[in-house]
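Structural overview for review
Next come the chains, spelled out residue by residue.
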Amino acid sequence: MERNMNHPRTMEGLAAARARGVQFGRTLLEKPDGYEEVRRRWEAGELSEREAARLLKVSRPTFHKWTHE
């Protein structure tokens, strides 16, 4: 019986938190200064994706995500 009541209570708690304006999930990483210049160089073919990410001090998947936003 407890297992059957657990899910609805969890959903009620999440709904109440959302109503209070609680943000769920990881906070987004802000793009560093110089991002636009590095992206321009990457688009021109002067830098690889890996080199661009290293210059910005972020991971390659993060740089890839930013370029496709």
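Structure: above.
Residues numbered from 1 in each chain as written. Predicted model: local features only at pLDDT ≥ 70, side-chain atom pairs only at ≥ 80, totals over all residues. Heavy atoms only, no water.

**Structural notes on the overall build of the protein chain**
Scanning the protein chain for helices and strands turns up four helices and zero strands. Secondary structure elements of the protein chain, listed N to C terminal, follow the sequence α-α-α-α. Taken against the 2.2 N^0.38 rule, which gives 11 Å for 69 residues, the C-alpha radius of gyration of the protein chain at 20 Å runs more than 25% over that of a compact globule. Structurally, the protein chain occupies a C-alpha span of about 60 × 25 × 20 Å along its principal axes. Residue pairs at least 24 apart in sequence account for 34% of intrachain contacts in the protein chain once pairs closer than 6 positions are excluded. (Helix = DSSP H or I, 4+ residues; strand = E, 2+ residues; numbered from the N terminus. Rg over C-alpha atoms; globule rule 2.2 N^0.38 Å. Contact = heavy atoms within 4.5 Å.)

**Let's talk about the packing of helix α3 (residues 49-56) against helix α4 (residues 60-67)**
Running from N to C, α3 and α4 cross one another at 100°; their axes reach a closest spacing of 8 Å. In this view, α3 runs roughly perpendicular relative to α4, as classed from their interaxial angle. Contacts between α3 and α4 involve Glu-49, Arg-50, Ala-52, Ala-53 and Leu-56 on the former and, on the latter, Arg-60, Phe-63, His-64 and Trp-66. Looking at the contact of α3 with α4 residue by residue, the classes come out as five nonpolar, one polar and three charged. (Axes fitted to C-alpha atoms, helices over the stretch in contact; angles between N-to-C directions. Parallel < 35°, antiparallel > 145°, perpendicular 65-115°, else oblique. Nonpolar A, V, L, I, M, F, W, Y, C, P; charged D, E, K, R; others polar.)

**Some remarks on the side chain of Thr-67**
As for its placement among the helices and strands, Thr-67 is situated in helix α4. A distance of 2.7 Å separates a polar side-chain atom of Thr-67 from the backbone oxygen of His-64. In contact with Thr-67, not counting residues within four places along its chain, are Tyr-35, Arg-39 and Trp-42. (Polar contact = N/O pair within 3.5 Å; in protein donor to acceptor, adjacent residues only side chain to side chain.)

**Remarks on the packing of aromatic side chains**
One pass over the full model with this rule turns up three aromatic pairs. Arranged with centres 6.4 Å apart and planes meeting at 65°, the rings of Tyr-35 and Phe-63 form a pair that is edge-to-face. Of this pair, Tyr-35 sits in helix α2 (residues 35-43) while Phe-63 sits in helix α4, placing them 28 residues apart in sequence. Aromatic side chains Trp-42 and Phe-63 sit 5.5 Å apart centroid to centroid with 90° between the ring planes, which places their arrangement in the edge-to-face category. (Phe/Tyr/Trp six-rings, centres within 6.5 Å; stacked < 30°, edge-to-face > 60°.)

**Here we look at the environment of His-64**
Take His-64: it is sitting in helix α4. Linking His-64 and Arg-50, residues 14 residues apart in sequence, is a C-alpha distance of 9.2 Å.

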